[in-house]
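Structure assessment
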Amino acid sequence: MGGNLITVLSGGGGGAKFVDGLYNLTKDFSVVVNTGDDIDVYGLHVSPDVDTIIYTLSGEINEKQGWGIKNDTYACQKYLKSLGFDDWILLGDKDLAVHIKRTELLKSGKTLTEITFDLSRRFGIKIPIIPMSDDFFQTHIELEDRTVHFEEYYIKRLNGTVKNIIYKGVEKAKPSEKFLDALSHSDWVIIPPSNPLVSIGTILSLKEIRKILREKKVIGISPLIQGKAIKGPLVDLMKSLNYQVNSFGIAKYYEDLLDIFIIDGIESDLAEIIKGDLGMEVLTTNTLMKTKIDRVNLSKFVLDRLD
Ligand code: GDP
């Protein structure tokens, strides 16, 4: 596993698309994945971002949705629903098979990292996919009247002011050994266009990680273009928590880590401002990944900057 000179930190949306582009160009990297979205459903351990990365890199992903397995069926959940059980989180039959196996292996004493390596091999993936932690960690969203798991907030598109983002388990959770191992072999760390608060922030909240990253060369890409998210609740979260909702706000969030920050060419006016105020190098290119070629081009642009 040693010798991977790049570590990518990722969620399951913009992160997965970027990682897919990079995977087309090189296999010399590890991807460390957010596990704050992990959730128990029907007693099964679902690891949404890890699965999205596995399904994306293996070509099994349902491209239209950006999650789940292509051509999946929903017989199990339809039947559960007919019996009056809840189905707010949509899980296809094949997807459920993965969760059943993961849960069985967890119960037998295997770690999430070991299971993810096993699954990745079975899906034919040629790079290490590393869960950020083997310990309990769940991201919860505190609303005015209640606190819900991030997946529930996201999938049910719950409205209202977000009072706080809670990283449950953060006091005890350690970064996984393979994560630390990957970092120790990496000169460069890439932060793709993932949600800073709920995908990358969780990874950065683990003990020692920010400190280690300050010693590395870090290149990040903004998940906002002209203050807008491509998908997901980032804008609502940033607004509620009083962050500046644009690429400047993103750069500020990562200020202590970034050597290079990439923003979309359409907002090149921000480049000088970010550089002037925060000191990092700021580059511009097309960061919108609509097609596979966009994914590859963006990761090529990043790769070409790593000395
Ligand atoms: P999650 O696990 O589904 O929340 O996924 P991530 O955290 O990896 O990514 C979510 C973020 O990716 C959102 O804030 C989007 O704005 C951003 N994003 C998605 N697609 C793109 C894209 O093509 N370009 C850029 N720049 N950002 C993107």
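What counts as what
Residues numbered from 1 in each chain as written. Predicted model: local features only at pLDDT ≥ 70, side-chain atom pairs only at ≥ 80, totals over all residues. Heavy atoms only, no water. Salt bridge = Lys/Arg side-chain N within 4 Å of Asp/Glu carboxyl O. Helix = DSSP H or I, 4+ residues; strand = E, 2+ residues; numbered from the N terminus. Pairing = 2+ DSSP bridges. Axes fitted to C-alpha atoms, helices over the stretch in contact; angles between N-to-C directions. Contact = heavy atoms within 4.5 Å. Near = heavy atom within 4 Å. Polar contact = N/O pair within 3.5 Å; in protein donor to acceptor, adjacent residues only side chain to side chain. Areas by Shrake-Rupley, 256 points an atom, 1.4 Å probe, with all protein chains shown as cover. Nonpolar A, V, L, I, M, F, W, Y, C, P; charged D, E, K, R; others polar. Patch = residues over 30% accessible without salt bridge, like charges linked within 9 Å, V, L, I, M, F, W, Y side chains within 5 Å. Buried < 20%, exposed > 50% of the residue type's maximum accessible area, 1.4 Å probe, protein only. Left-handed = near helix turned anticlockwise from the far one by under 90°.

1. Quick notes on the pattern of salt bridges
One pass over the structure, following the stated rule, counts 15 salt bridges. Residue Glu104 pairs with Lys101 through a salt bridge whose shortest N-O separation is 3.0 Å. Taken as a pair, Glu104 and Lys101 lie in helix 4 (residues 93-107) at a separation of 3 residues, close to a single helical turn. A salt bridge links Asp118 to Arg121, with the shortest nitrogen-to-oxygen separation between them at 3.0 Å. Taken together, the residues Asp118 and Arg121, both in helix 5 (residues 112-122) and 3 residues apart, mark about one turn of the helix. It is possible to trace a salt-bridge network through shared partners that takes in Asp20, Glu63, Lys292 and Arg295.

2. Structural notes on the sheet that holds strand 14 (residues 281-285)
Pairing is parallel in the open sheet, where 7 strands are placed in the order 5-2-1-9-10-13-14. The open sheet has two edge strands with one neighbour each: strand 5 (129-131) and strand 14. The sheet shows a mean angle of 25° between the axes of neighbouring strands, direction not considered. The sheet contact formed by strand 10 (residues 217-221) and strand 13 (residues 260-264) spans 3 bridges and is parallel. In the strand pairing of strand 13, Ile221 is matched with Ile262. The strands touched by helix 2 (residues 48-58) within the sheet are strand 1 (6-10), strand 2 (29-33) and strand 5, with strand 2 carrying the most contacts at an inclination of about 145°.

3. Points about the site of the ligand
Around the ligand lies a shell of 21 residues, among which Gly13, Ser194, Asn195, Ser199 and Thr287 are the nearest. The separation between an oxygen atom of the ligand and a polar main-chain atom of Gly15 is 3.1 Å. Expressed as a share of its isolated accessible area of 590 Å², the protein-covered part of the ligand is 94%. With 3 residues, helix 1 (residues 14-25) is the largest single contributor of residues to the shell around the ligand. A per-class count over the shell around the ligand returns 7 nonpolar, 10 polar and 4 charged.

4. Some words on a nonpolar patch on the surface
Judged by side-chain polarity, Tyr79, Leu83 and Phe85 come together as a nonpolar surface patch covering roughly 370 Å² of accessible area. Topologically, Tyr79 is positioned in helix 3 (residues 75-82). A residue is classified by how much of its surface remains accessible, and Tyr79, at 56% relative accessible area, is exposed.

5. Section: the packing of helix 1 against helix 2
It is at 10 Å that the axes of helix 1 and helix 2 come closest, and there the two elements cross at 35°. The hand of the helix 1/helix 2 crossing is right-handed. Two secondary-structure elements touch here, helix 1 through Ala16, Val19, Asp20 and Tyr23 and helix 2 through Thr52, Ile53, Thr56 and Leu57.

By themselves these figures say nothing about function.
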